[in-house]
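# Observations on the three-dimensional arrangement
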Amino acid sequence: MPGVARFRSVVIDCPDPQALAAFYSQLVGGTVHTDEGDDEADWLVLDVPGGPRLAFQRADDYTPPEWPRGDRNAQQFHIDLDAGSTWEEIDAAHEKVLALGARPLDLEDREKKDFQVYADPAGHPFCLCRIEHA
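I will try to describe carefully the structure that is included in this document. (Residues numbered from 1 in each chain as written. Predicted model: local features only at pLDDT ≥ 70, side-chain atom pairs only at ≥ 80, totals over all residues. Heavy atoms only, no water.)

### Details of the overall build of the chain
Keep this limit in mind: Comment: elements are numbered from the N terminus, with helices defined as DSSP H or I runs of at least four residues and strands as E runs of at least two. Throughout, radius of gyration means the C-alpha value; the globule benchmark is 2.2 Å times the number of residues raised to the power 0.38. Only protein chains enter the calculation, and the probe is 1.4 Å; a residue is then buried if its accessible area is under 20% of its type maximum, exposed if over 50%, and partly exposed in between. Contacts: residue pairs with any heavy atoms within 4.5 Å of one another.
Within the chain, the secondary structure is distributed over three helices and eight strands. Counted from the first residue to the last, the chain has its helices and strands arranged as β-α-β-β-β-β-α-β-α-β-β. Taken against the 2.2 N^0.38 rule, which gives 14 Å for 134 residues, the C-alpha radius of gyration of the chain at 16 Å falls within 12% of a compact globule. Over its C-alpha atoms, taken along the principal directions, the chain stretches across nearly 45 × 35 × 35 Å. Residue burial in the chain is summarised as follows: out of 134 residues, 35% are buried. A fraction of 52% describes how many contacts in the chain between residues 6 or more apart in sequence connect residues 24 or more apart.

In structure tokens:
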């Protein structure tokens, strides 16, 4: 059944679109661009190969979510990333995301949950997931 509209982008509010777009381009690949034609753009787009388009929008009064709170300043979304099918691949991805500026939020019980939770440099949660590939 066709939908009402086609999926376009996930837009992420942040205080520094250039920095967050650079983080995600190193994390998932892709090309960052702006239609505004300047390096200080308030809106940047990351075209992700084989994935959805991510856009980064300046929000001057941005406050990061307080993960995992639900009562105050809760997360509004998170991104799940396929980091491989083995824990060795997850461990390698863990080291790389830390080097890019992510910080761990939940690394407990990974064998039971098959994911680990991190915050990007602006504080948005994302997960490195262990996905069985058939």
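### Side note on the pairing of strand β3 (residues 43-47)
As a reminder of what qualifies: Strand pairing follows a simple DSSP-based rule, namely that at least 2 bridges must link the two strands.
Here three bridges tie strand β2 (residues 31-33) to β3, and the two strands are oriented antiparallel to one another. What sits directly across from His33, in β3, is Val45. In this structure, β3 lies alongside strand β4 (residues 53-58), joined through four bridges in antiparallel fashion. Bridge pairing in β4 places Trp43 opposite Gln57. In sequence, β3 turns back onto β4 through a hairpin of five residues, with Gly50 there showing a positive phi of about 70°.

### A short note on the environment of Phe7
Summarising the element assignment, Phe7 is placed in the segment before β1 (9-14). Taking the C-alpha atoms as reference, Phe7 lies 9.1 Å from Arg53; in sequence the two are 46 residues apart.

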